[in-house]
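# Understanding the architecture of this molecule
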Number of protein chains: 2
Amino acid sequence: MGSSLVEALVDLNAHVTIIDPLIEGLGGNLFNIRRVSEMVKVTHKDVRDAEATHRLIGQSDLIFHFAGQGSHSRSMDSPEFDIDLNIRSTLGVLEAVRKAKTNPRMIYAGTRGQIGQVTREVDESYPELPTSIYGVNKSAAEKYCFVYARHYAIQVVSMRFTNVFGPRHQMKRPDQGVLNWFIRLALENKTLEVWGGKQKRDFLYIDDATDASLKAGIENRAVGECFYVCSGRRISLISAVRLIVKTAGAGRYIVKRYPEKEKGYEVGDVLLSNKKARRYLGWRPSIEFDEGIRRTVQFYRTNLRFYV
Amino acid sequence: MGSSLVEALVDLNAHVTIIDPLIEGLGGNLFNIRRVSEMVKVTHKDVRDAEATHRLIGQSDLIFHFAGQGSHSRSMDSPEFDIDLNIRSTLGVLEAVRKAKTNPRMIYAGTRGQIGQVTREVDESYPELPTSIYGVNKSAAEKYCFVYARHYAIQVVSMRFTNVFGPRHQMKRPDQGVLNWFIRLALENKTLEVWGGKQKRDFLYIDDATDASLKAGIENRAVGECFYVCSGRRISLISAVRLIVKTAGAGRYIVKRYPEKEKGYEVGDVLLSNKKARRYLGWRPSIEFDEGIRRTVQFYRTNLRFYV
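In this report, we go over the structure that sits alongside the text. Not measured: the values here are computed from a predicted model.

Before going further, it helps to spend a moment on the overall build of chain A. For chain A, the helix and strand inventory stands at 10 helices and 12 strands. In terms of overall dimensions, chain A is globule-like: its C-alpha atoms have a radius of gyration of 19 Å, near the 19 Å expected for 308 residues. If one aligns the C-alpha atoms of chain A with their principal axes, the spans along those axes are about 55 × 45 × 40 Å. Buried residues in chain A amount to 57% of all 308 residues. About 13200 Å² of surface is accessible on chain A, with carbon and sulfur atoms providing 48% of the total. Between the averaged position of the 46 positive side-chain charges in chain A and that of its 35 negative side-chain charges there is a distance of 3 Å.

Written out as structure tokens, the structure reads:
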């Protein structure tokens, strides 16, 4: 998501600094910025290093805080790591924003994981009850943003992204970005193991996510608000898998019962409204699901070797 | 709150272990347990020490996790300290609860600070939007409890306490427990400085808070739930101050405008329902406000020297 945003920003003639320590397993990949690498400043400092963060973003007008770790299961196995990467890092960024003389706007990447399980379509006014440490920490970090906004009059926008998929996504781990993982398996002509399958997800193509982030950076009425950034479509996992296998022309799938150990993460159908995002951001998702899958399969057909 | 609970538990013939490192400024005071000190085990280990916590509470049936720091303003000045004491400590306790062979029940001390500002009376189903790092962290730690309950089938109850006052409370700092602080100033015949004054608070006498905690420890329908533990009364700060000065027969007050620097913490009227707590816990507050003030003034008239 970060690198897609970087390309879009460079194409808009922005001066871009990337802060990414390329921690193993978190998805950072220099291949993602090959087209624009000469036009951006890249530093491998860590946002957990508050002093470096302050130095690097103190002159910025717009800060996209997309750093963090995004796996539910890793957060359960290593809660302290998640606290560090998702909570403490946000604190450092907020301190830097607060001290910056440029009155920058900060766009925070939240997640639909903040809300947990719901039984009807809900919007941003619905209470959050996350089902993993990751979800709790992402929610807490978002609330830090609003506390800082209240006390120090800084500009923040929170984008609670749904399941984003598409090119540039990491392909090494199954626990983060299930569609991309399944695309890898299909392209390698392997068997995709679907747990349950009937659960519906809201899959958003990367370009639509990027577009929403850019709009959050310029729309003034977005300031101080949070948004579910989602497609508004509900697609069962099993039908997504069928489409992947068909589009890749390779691989096969089997359906299994949801493993007991993993059940805690499963939230059933994801039923979120994107009405607020559409209204406040003047945004709407524009890539159909099958077109998104087609583009993603095409991208990795050529480039998978740079991601595995 | 911890020591009041300890006395009540000892009187019920429970075997009690106290874990309190007596960190300066957090309110721990050995004077508070003088009556029962021979009947309890006291350790000055720190709940941030996960291994010690595991060793100490691994055999318990009931764990009251009341450790933490409780000041909004300190959390803004030292967010990392608050993360350590309110988030990481809870993680350690939860890990210990999860590993315990006794299937213990854990009662978590939450706070009304989790909810932030509201404009009408609300209950536990209302979304939380805290106005300080402290409020965010207390909310996040509560959500950790529910994540652990979901994944590891442990028993948790969250008690979101309102402004609790009464004997045994720390009297050294103005930023935690405003009524007790005002009682100190009145007893020292000083001037109580009231900011605003019209804002209404829900003050709960310590014995009622303790009673609610004990009931949370035994009522099975409380498991997995959170409660606003509050009096249901709304009393303006200025009328509370008048009562304190009158009851102490000393001191005086002046009213000032709310300082700009502090405005971020102010949430206006606190309008919370205790209906759920009354229903699920079979509890109701029983001490009238003026009686609570009378008892508190009387206690510190004799004992203030042990608290300053």
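This part covers the packing of helix H6 (residues 178-187) of chain A against helix H8 (residues 237-248) of chain A. For any two helices packed against each other, one specifies the inter-axial angle together with the distance between the axes. All names here are of chain A. Closest axis-to-axis distance for the H6/H8 pair is 9 Å, and the angle between their directions is 35 degrees. The element H6 and its partner H8 pack so that their crossing is right-handed. Contact residues: H6 offers Val178, Leu179, Phe182, Ile183, Ala186 and Leu187, while H8 offers Leu237, Ala240, Val241, Ile244 and Ala248. A breakdown of the residues in the contact of H6 with H8 according to their chemical character gives 11 nonpolar, no polar and no charged.

What follows concerns the relation of the copies chain A and chain B. Superposing chain A onto chain B takes a rotation of 180 degrees plus a shift of 0.0 Å along the axis, which leaves an RMSD of 0.0 Å. In short, the pair behaves as if placed about a two-fold rotation axis. Considering only C-alpha atoms, the part of chain A nearest the rotation axis is A:Pro127, at 2.1 Å. In this assembly the copies share their binding face: 100% of the residues contributing to the interface of chain A also contribute to that of chain B.

Residues and elements named next belong to chain A. A positive phi is found at Leu22, a non-glycine position, where the angle reads about 50 degrees. For Leu22, the position within the fold is in the loop between strand E1 (16-19) and strand E2 (40-43). You can call Leu22 partly exposed: its relative accessible area is 31%.

Turning our attention to the packing of H6(A) against helix H10 (residues 289-303) of chain A. Residues and elements named next belong to chain A. At a minimum axis separation of 10 Å, H6 and H10 run at an interaxial angle of 55 degrees. Relative to H10, the element H6 lies oblique. Along this stretch, H6 crosses H10, giving a crossing that reads as right-handed. Between H6 and H10, the contacting residues are Leu179, Asn180, Ile183 and Leu187 on the first element and Phe289, Ile293, Thr296, Val297, Tyr300 and Arg301 on the second.

Residue and element names in this part refer to chain A. Read across the open sheet, the 4 strands follow the order E3-E4-E5-E10; overall the sheet is parallel. Pairing within the sheet leaves two strands with one partner each, and these edge strands are strand E3 (62-65) and strand E10 (226-229). This sheet shows a mean twist of 20 degrees between the axes of neighbouring strands, independent of strand direction. Strand direction decides the pairing type here: strand E5 (residues 155-161) and E10, joined by 4 bridges, are parallel. Note that in E10 the partner of Phe161 across the bridge is Val229. Packed onto the sheet, helix H5 (residues 133-152) meets strand E4 (105-111), E5 and E10 and runs at close to 155 degrees relative to E4. The sheet contacts of helix H7 (residues 206-218) involve E3, E4, E5 and E10, and relative to E5 the element is tilted by about 165 degrees.

The subject of this paragraph is the environment of B:Asp290. Topologically, B:Asp290 is positioned in helix H10 (residues 289-303). Between the C-alpha atoms of B:Asp290 and B:Thr247, which are 43 residues apart in sequence, the distance is 8.7 Å.

In this assembly, 32 residues from chain A lie in contact with 32 residues from chain B. Note on chain A versus chain B: buried area summed over both sides is about 2600 Å², and carbon and sulfur give 67% of it. Here chain A and chain B share 2 salt bridges between them. Here A:Glu80 makes a salt bridge to B:Arg88, at a shortest N to O gap of 2.8 Å. Here the element with the most residues in the side of chain A that touches chain B is H5(A); it accounts for 12 residues. For the side of chain A that touches chain B, the residue count by class is 18 nonpolar, 7 polar and 7 charged.

Okay, the sheet that holds strand E3 (residues 62-65) of chain B next. All names here are of chain B. Spatially, E3-E4-E5-E10 is the arrangement adopted by the 4 strands of the open sheet, whose pairing is parallel. Edge positions in the open sheet fall to E3 and strand E10 (226-229), since each of these has one partner strand only. Pairwise comparison of adjacent strand axes, ignoring direction, gives a mean angle of 20 degrees for this sheet.

Within an α-helix, residues lying three or four positions from one another point in the same direction, as the helix has 3.6 residues per turn. In terms of burial, helix H6 (residues 178-187) of chain B is largely enclosed, as 8 of its 10 residues are buried. Along its buried surface, H6(B) packs onto strand E6 (163-165), strand E7 (191-195), strand E9 (203-205), helix H8 (237-248) and H10 of chain B.

By the criterion of burial, helix H1 (residues 2-11) of chain B is predominantly enclosed, with 8 of the 10 residues buried. Two residues or fewer after H1(B) comes B:Asn13, characterised by a positive phi angle close to 70 degrees.

Attention shifts here to a positive patch on the surface. Residue and element names in this part refer to chain A. A cluster of basic residues, Lys275, Arg278, Arg279 and Arg284, forms a positive patch on the protein surface. Within the fold, Arg279 resides in helix H9 (residues 275-281). With a relative accessible area of 55%, Arg279 lands in the exposed category.

All names here are of chain A. Tallied over the full model, the rule gives 28 aromatic pairs over all chains. For the pair Phe31 and Phe306, a centre-to-centre distance of 3.9 Å together with 10 degrees between the ring planes defines the contact as stacked. You can see Phe31 sitting in the loop between E1 and E2 and its partner Phe306 sitting in the segment after H10, a full 275 residues away along the chain. Classification of Phe31 by relative accessible area gives buried; the value is 14%. Where Tyr300 meets Tyr307, the ring centres are 5.3 Å apart and the plane angle is 75 degrees; that geometry is what we call edge-to-face. Tyr307 matches Tyr300 in its accessibility class, with the two residues each being buried.

The subject of this paragraph is the pattern of salt bridges. What the rule picks out here adds up to 52 salt bridges over all chains. Put simply, A:Lys99 and A:Glu95 hold a salt bridge, and the shortest N to O gap is 3.7 Å. Taken as a pair, A:Lys99 and A:Glu95 lie in helix H4 (residues 79-99) at a separation of 4 residues, close to a single helical turn. The exposure class of A:Lys99 is partly exposed, given its relative accessible area of 46%. Relative accessible area serves as the criterion here: at 17%, A:Glu95 is assigned to the buried category. B:Lys215 is the salt-bridge partner of B:Asp211, the closest N and O atoms lying 3.1 Å from each other. Separated by 4 residues within a single helix, B:Asp211 and B:Lys215 lie in helix H7 (residues 206-218), roughly one turn from each other.

Here is what the cut-offs are and how they apply
- Residues numbered from 1 in each chain as written.
- Chains lettered and ligands numbered in written order.
- Predicted model: local features only at pLDDT ≥ 70, side-chain atom pairs only at ≥ 80, totals over all residues.
- Heavy atoms only, no water.
- Helix = DSSP H or I, 4+ residues; strand = E, 2+ residues; numbered from the N terminus.
- Rg over C-alpha atoms; globule rule 2.2 N^0.38 Å.
- Buried < 20%, exposed > 50% of the residue type's maximum accessible area, 1.4 Å probe, protein only.
- Areas by Shrake-Rupley, 256 points an atom, 1.4 Å probe, with all protein chains shown as cover.
- Lys, Arg positive; Asp, Glu negative; His and termini not counted.
- Charge placed at Lys NZ, Arg CZ, Asp CG, Glu CD.
- Axes fitted to C-alpha atoms, helices over the stretch in contact; angles between N-to-C directions.
- Left-handed = near helix turned anticlockwise from the far one by under 90°.
- Contact = heavy atoms within 4.5 Å.
- Nonpolar A, V, L, I, M, F, W, Y, C, P; charged D, E, K, R; others polar.
- Least-squares fit on C-alpha atoms with pLDDT ≥ 70 in both.
- Parallel < 35°, antiparallel > 145°, perpendicular 65-115°, else oblique.
- Pairing = 2+ DSSP bridges.
- Buried area = accessible area lost by both parts, 1.4 Å probe.
- Salt bridge = Lys/Arg side-chain N within 4 Å of Asp/Glu carboxyl O.
- Patch = residues over 30% accessible without salt bridge, like charges linked within 9 Å, V, L, I, M, F, W, Y side chains within 5 Å.
- Phe/Tyr/Trp six-rings, centres within 6.5 Å; stacked < 30°, edge-to-face > 60°.

Purely geometric stuff here, so don't read any function into it on its own.
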